[in-house]
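# Close look at the chain arrangement
Single-letter residue listing:
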Amino acid sequence: MNPSTFYVVATPIGNLLDLSQRAIEVLSQVDLIACEDTRHTGRLLSAYNIKNKTLSLHDHNERQRQEYVAELLQQGKSIALVSDAGTPLISDPGFHVVRYLREQNLTVVPVPGACAAIAALSVAGLPTDRFTFEGFLPSKSGARQSKLNELASEPRTMVFYDAPRRAIDTVQDINDVLGGERQIVIARELTKTFETIHADTAANILTWLNEDPNQLKGEMVLIIEGAHIDPNDIPEVAIKTLKLLLGEMKPKKACAIAAEIHGVKKNALYQLALAMK
Ligand code: SAM
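Right, let's walk through the structure included here. (Residues numbered from 1 in each chain as written. Predicted model: local features only at pLDDT ≥ 70, side-chain atom pairs only at ≥ 80, totals over all residues. Heavy atoms only, no water.)

## A closer look at the site of the ligand
Rule in force here: Here a residue is considered near a molecule or strand provided that any single heavy atom belonging to it is located within 4 Å of it. Whenever two N or O atoms come within 3.5 Å, that pair is a polar contact, provided that in protein one can donate a hydrogen and the other can accept it, and provided that, for residues adjacent in sequence, both atoms are side-chain atoms. Here the Shrake-Rupley method, with its probe set to 1.4 Å, supplies the accessible areas, and only the displayed protein chains count as covering residues. The helix count covers DSSP runs of H or I at least four residues long, the strand count covers runs of E at least two residues long, and both are numbered beginning at the N terminus. Charged residues are taken to be Asp, Glu, Lys and Arg, nonpolar residues to be Ala, Val, Leu, Ile, Met, Phe, Trp, Tyr, Cys and Pro, and polar residues to be all remaining types, Gly included. Segment limits for the domains were obtained from an automatic or database-derived domain assignment.
Lining the immediate environment of the ligand, one finds 19 residues, of which Thr87, Asp92, Ala116, Tyr161 and Met220 sit closest. Between the ligand and Thr87 there is a distance of 2.8 Å, counted from an oxygen atom to a backbone nitrogen or oxygen. The protein chains hide 90% of the 570 Å² of surface that the ligand would expose on its own. For the shell around the ligand, the secondary-structure elements that each account for two or more residues are β7 (157–162) and β10 (220–224). Across the shell around the ligand, the residue classes break down as 11 nonpolar, 3 polar and 5 charged. There are two domains that each give the shell around the ligand at least three residues, and those are domain 1 (5–114) and domain 2 (117–224).

As structure tokens, then:
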């Protein structure tokens, strides 16, 4: 290992074989492994017969540990950072320490590997040329709906982490806020025994989830197709009607009436109405 180097090492998100050869070498040879949970990482290390020293580094002690970690690096030690699963810093601890070490001009090196968001995106079949990673959706419905409202006219594919036990409530909110026609993909238990990747409209996914309680277990990534609003596709006269109605009533009702009058898709008008807010 290079001395005075901090390696940010990705670990598996389920299937233990998804640990790169380079990650195994780094974890075996560094002087110390900083881990989100030393017991959790201990299981991974023993599966690979790696014996090494560990140090806990999680959300609650990251800032206190950063100076100690920097000191060890300055003394010439090499250190690896791992989280419980996937790539550290991606909805996981490590941001503060990496920023601090970079400010001290210390060397920080990535050892890439599994990341649930990227794994899900790679099989979703939605555009990936541009996408936005939104992390965890709020757990309370009101806050979640506000967040979805903010993103209603986002044209890029949107990637979220969410708990499957909340999936019905979340998809219900997507259905209500973004419309039942919006395409979504649920990527659950990736790389594990019950891996499920299911793509459909929000309305159909809602039915599917309600019919199969097994889909509410484990871990999941939720991907929402970006909004397609090209005002050029909506007749000028329909936009005029919509604007008039929006002054008189709530967007949902205004869009339904304008869609009925002009034979335009309600969802397209709704996205336009949100963009006009
Ligand atoms: N750092 C991790 C990464 O690179 O993906 C993410 C850590 S975040 C605390 C944990 C969340 O990632 C879970 O709640 C879930 O949304 C997602 N996740 C992790 N493993 C997963 C898997 N095997 N299948 C689906 N989602 C997973």
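## Regarding the sheet that holds strand β8 (residues 183–188)
As a reminder, the rule being used: Two strands are counted as paired when DSSP detects at least two bridges linking them. In this analysis an axis means a line fitted to C-alpha atoms, helices contributing only their contacting stretch, and an angle means the value between N-to-C directions, from 0 to 180 degrees. Contact criterion: two residues are considered in contact whenever any of their non-hydrogen atoms come within 4.5 Å of each other.
Taken in spatial order, the 5 strands of this open sheet run β6-β7-β10-β8-β9, and their pairing is mixed. Here the strands that pair on one side only, and so sit at the sheet edges, are β6 (131–136) and β9 (196–201). The sheet shows a mean angle of 15° between the axes of neighbouring strands, taken without regard to direction. Both β7 and β10 contribute to a ladder of 5 bridges, which runs antiparallel. Note on β10: the bridge partner recorded for Met158 is Ile224. Sitting on the sheet, helix α8 (residues 202–211) is in contact with β8 and β9, with an inclination near 130° to β9.

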